[in-house]
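For reference, the chains in residue letters:
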Amino acid sequence: MNVTIRPAEKRDVPAMAELIEEIERYYGTTDADIQPLDERRVQVEEALFGSPPLASALLVEDDTGDIVGLAAYSFLWPAAGSTHSLFLKELYVRGTLRRQGIGARLMAELRALAAARPGCSRVEWMADRDNPGAPAFYEALGFTESDGKIVYRVDSGNA
């Protein structure tokens, strides 16, 4: 199957909101905890197209025009010294399209975005330990786990 990888556009918000539900279900979110579609649409639009935008996304579009994957990322500062980094928050490809090189293409696109941005010294991301496919995917691409970082997380109190 041929796919196109391109930056998200405002017209993609409804499809992205639907794909986010698929991602949530992939991670085990139950029906009771799935955010209503209208709320998701508003949040996607605000995050990607608000002033200022909070994030960016690359989308995977199949040959029928359906959105079948995404890479959501932001730039963080500081990284090494006074440089910044591209932080990949979510990489997702629909299950029926996995193991076809699409995830590898997304990673290559992200690295190219980082390389093209002056002052961007690296790409960083995390993988869930309870998703063994993720570390296996990254290792197959030649990436190794970074030692020395411990991730902390606390809820903000906002739902």
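Everything below is about the structure printed above this text.
The model shown is predicted, which means the values in this text are computed figures rather than measured ones.

Looking now at the overall build of the protein. Each helix and strand in the protein was counted, giving four helices and five strands. Reading the secondary structure of the protein in the N-to-C direction produces β-α-α-β-β-β-α-β-α. Relative to its length of 159 residues, the protein is compact, with a C-alpha radius of gyration of 16 Å against a globular reference of 15 Å. Within the protein, the fraction of its 159 residues that count as buried is 31%. Looking at the protein alone, contacts between residues at least 24 apart form 58% of all its contacts between residues at least 6 apart. Accessible surface for the protein amounts to roughly 10,400 Å². Of this, 51% is attributable to carbon and sulfur atoms. Between the averaged position of the 17 positive side-chain charges in the protein and that of its 25 negative side-chain charges there is a distance of 5 Å.

All right, on to the pairing of strand β4 (residues 84-93) then. Sheet faces and side chains relate simply in a regular strand, where the side chains alternate between the two faces. Summarising burial for β4: nine of the ten residues are buried, a large majority. In this structure, strand β3 (residues 67-76) lies alongside β4, joined through eight bridges in antiparallel fashion. When the bridges of β4 are listed, Tyr73 appears paired with Leu88. With five bridges connecting them, β4 and strand β5 (residues 120-125) associate as parallel partners.

In this model helix α1 (residues 13-26) runs 20 Å from its N-terminal to its C-terminal C-alpha over 14 residues, within 8% of the 20 Å that 1.5 Å per residue would give. Against the buried residues of α1 lie α2 (37-49), β2 (56-62), β3 and β4. Count one or two residues on from α1 and you reach Gly28, which has phi positive near 95°.

Moving on: unusual backbone geometry. The residue after Ser51, namely Pro52, is reached through a cis peptide bond having omega 0°. Its place among the elements puts Pro52 in the loop between α2 and β2. The omega torsion of the bond from Trp77 to Pro78 falls at -5°, within 30 degrees of zero and hence cis. Of note, Arg99 is a non-glycine position whose phi angle comes to about 65°, a positive value. Position of Arg99 relative to the elements: it lies in the loop between β4 and α3 (102-116). What makes Arg99 exposed here is its relative accessible area of 80%.

Cut-offs applied
- Residues numbered from 1 in each chain as written.
- Predicted model: local features only at pLDDT ≥ 70, side-chain atom pairs only at ≥ 80, totals over all residues.
- Heavy atoms only, no water.
- Helix = DSSP H or I, 4+ residues; strand = E, 2+ residues; numbered from the N terminus.
- Rg over C-alpha atoms; globule rule 2.2 N^0.38 Å.
- Buried < 20%, exposed > 50% of the residue type's maximum accessible area, 1.4 Å probe, protein only.
- Contact = heavy atoms within 4.5 Å.
- Areas by Shrake-Rupley, 256 points an atom, 1.4 Å probe, with all protein chains shown as cover.
- Lys, Arg positive; Asp, Glu negative; His and termini not counted.
- Charge placed at Lys NZ, Arg CZ, Asp CG, Glu CD.
- Pairing = 2+ DSSP bridges.
- Expected span 1.5 Å × (residues − 1).

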